[in-house]
Amino acid sequence: MSEGDYGVPSRIEDDELLNLVIPQPETFVYAEERRLFYVALTRASRGVYLITNSRQPSRYIRELCEIAGDEVRYETIEGAALRQCPVCLVGQMVEKRNRNGTVFHGCNQFPDCRHSEGVPAQSTAHPA
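Every value quoted in this text rests on a predicted model; they were computed, and no experiment measured them. (Residues numbered from 1 in each chain as written. Predicted model: local features only at pLDDT ≥ 70, side-chain atom pairs only at ≥ 80, totals over all residues. Heavy atoms only, no water.)

Undergrad: What's the story with the overall build of the protein chain in this structure? I'm lost.
TA: Scanning the protein chain from terminus to terminus reveals three helices and five strands. Its helices and strands in sequence order give the protein chain the pattern α-α-α-β-β-β-β-β, from N to C terminus. Buried residues in the protein chain amount to 24% of all 128 residues. Of the contacts made within the protein chain by residues no fewer than 6 positions apart, 36% connect residues no fewer than 24 positions apart. Summed over its atoms, the accessible surface of the protein chain is roughly 10,000 Å², and 54% of this surface lies on carbon and sulfur atoms. (Helix = DSSP H or I, 4+ residues; strand = E, 2+ residues; numbered from the N terminus. Buried < 20%, exposed > 50% of the residue type's maximum accessible area, 1.4 Å probe, protein only. Contact = heavy atoms within 4.5 Å. Areas by Shrake-Rupley, 256 points an atom, 1.4 Å probe, with all protein chains shown as cover.)

Undergrad: Is there a simple way to explain the packing of aromatic side chains in this structure?
TA: Scanning all chains against the criterion turns up two aromatic pairs. An angle of 75° between the planes, with centres 5.2 Å apart, marks the rings of Phe37 and Tyr38 as edge-to-face. Relative accessible area serves as the criterion here: at 11%, Phe37 is assigned to the buried category. Their ring planes at 20° and their centres at 5.2 Å tell us that Phe37 and Tyr60 sit as a pair that is stacked. Placement of Phe37 in helix 2 (residues 31-42) and of Tyr60 in helix 3 (residues 59-68) is noted, with a sequence separation of 23 residues between them. Judged by relative accessible area, Tyr60 falls into the buried class, the value being 1%. Counting every residue linked through ring pairs, the aromatic cluster contains Phe37, Tyr38 and Tyr60. (Phe/Tyr/Trp six-rings, centres within 6.5 Å; stacked < 30°, edge-to-face > 60°.)

Undergrad: Got a minute to help me understand the pairing of strand 4 (residues 103-107) in this structure?
TA: A regular strand places its side chains so that they alternate between the two faces of the sheet. Relative to strand 4, strand 3 (residues 92-97) runs antiparallel, the two being bridged by five bridges. Counted as the bridge partner of Val94 is Gly106 from strand 4. Linking strand 3 back to strand 4 in an antiparallel pair, the connection comprises five residues, with Gly101 at a positive phi of about 90°. (Pairing = 2+ DSSP bridges.)

Function cannot be read off these values alone, since they describe shape.
Okay, structure coming up:
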């Protein structure tokens, strides 16, 4: 589920003849593909796995995250949980290091999303 010419939604233009028979303009961009996508999701009885390129996720993934919130779970291909970026809702928070070596968590959609969070200092308490 990635954006692009052959992604979801497809950016290939509809036939002009089709545009003549549609009764009125749609309110959503790629409305027909959006409808088909949501019909497919609602037919799933146990759950749905959506696989995407993490740098170009489909706009529908962002929309789902806005609607479903905590019901959406990001995972690696191995099944390990990833923490969703609370700002862009598409990226995942990953551990990074800045130039001076300080560790922080930043969105993997950088530079499109610049959200970052400091990592709490580790407790270095010594037993008495």
